[in-house]
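If you want the building blocks of each chain, they are given just below.
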Amino acid sequence: MNAARISAMLVKEYHDAKSNVQVLSVVIVPIFLAILYSRMDGEQSFAASFVFIMTVTFVTMYVQALLLAEEKEKNTLQVLLLSPASSADIMIGKSIISVILTVIVLVVSMLIIDVNVESPIMLSVTLVLGVILFVALGTLVGLLSENLVQTTVYLLPLSFVFGFGPMIQMYFSEGIVADILGYTPGSFMMEACLAAISGESFSSYREDIIWLIGWTVAALVVTFITFKKKSLSK
């Protein structure tokens, strides 16, 4: 990895992000929800878990995909793929701003909701896995999309199925739909976040973490293969 190239890409991504209205919009949504939930009486652990998943889904995946799609529209991604930068340099450089924005929103949301986390280490592990997974998914969508409009079309169903599975599952308590949604990354994240916040033993959500790791590895492999194919086709 080349630190200078990664830093240069980070600066470029920062300038692209701050001038992108869509990016700024998705960053605001989870914070607005956190403020809303903080003023409501109810289960704070559920509210916090929902906002965490919303943050990882919207901020991480959307920002990653939107910035990549914008690069493709400007034909600057092709130039980057043909540059001396390695695959690792490009993938890390293109992901850092998404991760930074996600961390900021997560911290701000947690402070707003003011939830007491009994197992902060395991909550951090769960969120890190979620961030890596949705960075990979956002990269994949950005690589497969031809423009910003197509990116949005791909992101909407993906975010609902992968990120908001637990919320949709509430309306399908039984049947094949509930069974399928129970194996989505969002469902595993929700269970792990709730258990970590309440301080349950690791054995109670170990299976959720294992499934989340599996989803993350699969997403990284598919994204890397797609990235290499795109690089070779230029």
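Small disclaimer: the values here were computed from a predicted structure and weren't measured. (Residues numbered from 1 in each chain as written. Predicted model: local features only at pLDDT ≥ 70, side-chain atom pairs only at ≥ 80, totals over all residues. Heavy atoms only, no water.)

Caption draft 1: Examining the overall build of the protein more closely. A tally of regular secondary structure across the protein gives eleven helices and zero strands. In the protein, the succession of helices and strands from N to C terminus is α-α-α-α-α-α-α-α-α-α-α. Across the protein, contacts joining residues at least 24 apart in sequence account for 79% of those joining residues at least 6 apart. As presented, the protein carries roughly 11,400 Å² of accessible surface, and 69% of it is formed by carbon and sulfur atoms. (Helix = DSSP H or I, 4+ residues; strand = E, 2+ residues; numbered from the N terminus. Contact = heavy atoms within 4.5 Å. Areas by Shrake-Rupley, 256 points an atom, 1.4 Å probe, with all protein chains shown as cover.)

Caption draft 2: Layout of the environment of Glu43. Considering the arrangement of structural elements, one finds Glu43 in the loop between α2 (21-38) and α3 (44-73). By relative accessible area, which is 54% here, Glu43 ends up exposed. C-alpha separation for the pair Glu43 and Val115, spaced 72 residues apart in sequence, amounts to 9.7 Å. (Buried < 20%, exposed > 50% of the residue type's maximum accessible area, 1.4 Å probe, protein only.)

Caption draft 3: Just the environment of Ile31, in detail. Structurally, Ile31 can be placed in helix α2. Taking the relative accessible area as the measure of exposure, Ile31 reaches 23% and is therefore partly exposed. For the pair Ile31 and Val107, spaced 76 residues apart in the sequence, the C-alpha separation amounts to 9.9 Å. With residues up to four places along the chain from it excluded, the contact list for Ile31 reads Val105, Val108, Ser109 and Ile112.

Caption draft 4: The confidence of the model for the protein, seen in detail. Residue-level pLDDT values for the protein average 81, and 80% of them are 70 or greater. Put simply, helix α4 (residues 76-81) is where the protein has its lowest mean pLDDT, 64, and helix α6 (residues 120-144) is where it has its highest, 91. (pLDDT = per-residue confidence, 0-100.)

Caption draft 5: Representation of α3 in the model. The end-to-end C-alpha distance of α3, which contains 30 residues, comes to 42 Å, matching closely the 44 Å that a straight helix rising 1.5 Å per residue would cover. Among the 30 residues in α3, 27 count as buried, and that is most of the element. (Expected span 1.5 Å × (residues − 1).)

Caption draft 6: Main features of the packing of α6 against helix α7 (residues 148-163). Interaxial distance between α6 and α7 falls to 9 Å at its minimum, and their mutual angle equals 150°. The angle between α6 and α7 places the two elements in the roughly antiparallel class. As for how α6 packs across α7, the hand of that crossing is right-handed. Of α7, the residues touching α6 (which contributes Phe134, Leu137, Val141 and Leu144) are Gln150, Thr151, Tyr154, Leu155, Leu158, Phe162 and Gly163. Of the residues assigned to the contact of α6 with α7, the class counts are eight nonpolar, three polar and no charged. (Axes fitted to C-alpha atoms, helices over the stretch in contact; angles between N-to-C directions. Parallel < 35°, antiparallel > 145°, perpendicular 65-115°, else oblique. Left-handed = near helix turned anticlockwise from the far one by under 90°. Nonpolar A, V, L, I, M, F, W, Y, C, P; charged D, E, K, R; others polar.)

Caption draft 7: Main features of the packing of aromatic side chains. According to the stated counting rule, one finds seven aromatic pairs in the structure shown. Ring centres of Tyr183 and Trp211 lie 5.2 Å apart, and the angle between their planes is 65°; this geometry places the pair in the edge-to-face category. A residue pair is termed long-range when its members are at least 10 positions apart, and Tyr183 in the loop between α9 (176-181) and α10 (185-198) and Trp211 in helix α11 (residues 206-232) qualify at 28 residues. Look at Tyr183 and you get partly exposed, because its relative accessible area is 47%. Note on Trp211: relative accessible area 36%, which makes it partly exposed. Considering the side-chain rings of Phe188 and Trp211, the 5.4 Å spacing of their centres and the 10° angle between planes classify their relative orientation as stacked. Highlighted residues: Phe188 in helix α10 and Trp211 in helix α11, separated in sequence by 23 residues. Here the aromatic cluster, defined as three or more aromatic residues joined through ring pairs, consists of Tyr183, Phe188 and Trp211. (Phe/Tyr/Trp six-rings, centres within 6.5 Å; stacked < 30°, edge-to-face > 60°.)

Caption draft 8: Broad picture of the nonpolar core. Residues Phe52, Leu123, Phe134 and Leu137 are the most contacted members of the largest nonpolar core, which totals 55 residues. Within the residue set of this core, elements represented by two or more residues are α2, α3, α5 (87-113), α6, α7, α10 and α11. (Core = buried A, V, L, I, M, F, W, Y, C linked by side-chain atoms within 4.5 Å.)

Caption draft 9: A look at a nonpolar patch on the surface. Side chains of Ile28, Phe32, Leu36 and Met40 sit close together on the surface and give an oily, nonpolar patch of about 410 Å² of accessible area. Counting through the fold element by element, Leu36 comes out in helix α2. (Patch = residues over 30% accessible without salt bridge, like charges linked within 9 Å, V, L, I, M, F, W, Y side chains within 5 Å. Salt bridge = Lys/Arg side-chain N within 4 Å of Asp/Glu carboxyl O.)

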